[in-house]
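Chains, contacts and geometry: an overview
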Amino acid sequence: MQNSLQKIDTFLQKHHVLTLATTKDGVLSACNLFYAFDSEKTSFVVASSDDTTHIEHIKANSKVAGTVVLETKIVGKIEGVQFRGDFLLLEDDGLKKLYLKKFPYALAMNPKLWQIKVDYFKLTDNTLGFGKKIIWTNASL
């Protein structure tokens, strides 16, 4: 299982934008967010202000889903991660430092930071073979 998370982490460290899906009262929303990822805490860190639709949604329903993909038309190079988790106000100073190290210009903006605590990943990686999928779940949750 740990090897699976390492492959997912390797992919996520090469990218910096995720697509997030939220819902509230049957209304769906999607947005793109810059992220930093910590594999030990299986968490994304993102910045967002309270006046966005996705933050309005997570205040009512913290369960989220999302993706990170490599954009390519070459079938043999297709890679992407799907994830599910809980979207929470960030309270971990280590994760805050991780985000600000990756995006130092954000410090000047003093952003409100959030944590997505992931409990499920599915990595599709055609570089390992057509349609190869690696699943990781947090069994302790």
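Computed from a predicted model, the values in this text were never measured in an experiment. (Residues numbered from 1 in each chain as written. Predicted model: local features only at pLDDT ≥ 70, side-chain atom pairs only at ≥ 80, totals over all residues. Heavy atoms only, no water.)

Remarks on the pattern of salt bridges
Just so we agree on the cut-off: When a carboxyl oxygen of Asp or Glu lies within 4 Å of a side-chain nitrogen of Lys or Arg, that pair is called a salt bridge. Accessible area is worked out with a 1.4 Å probe on protein chains only. A residue is then buried under 20% of its type maximum, exposed over 50%, and partly exposed in between. Strands here mean DSSP runs of E at least two residues long; helices mean DSSP runs of H or I at least four residues long; both are numbered from the N terminus.
Evaluated as defined, the whole model comprises five salt bridges. Across the pair K59 and D50 runs a salt bridge whose closest N-O atoms are separated by 3.5 Å. Judged by its relative accessible area of 57%, K59 is exposed. A relative accessible area of 35% places D50 in the partly exposed class. Among the ionic pairs, D50 bridges to K112, the shortest N-O distance being 2.9 Å. Here K112 lies in the loop between α3 (93-102) and β6 (113-125) and D50 lies in the loop between β3 (43-47) and α2 (53-60), a separation of 62 residues in the sequence. The class for K112 is partly exposed, based on a relative accessible area of 32%.

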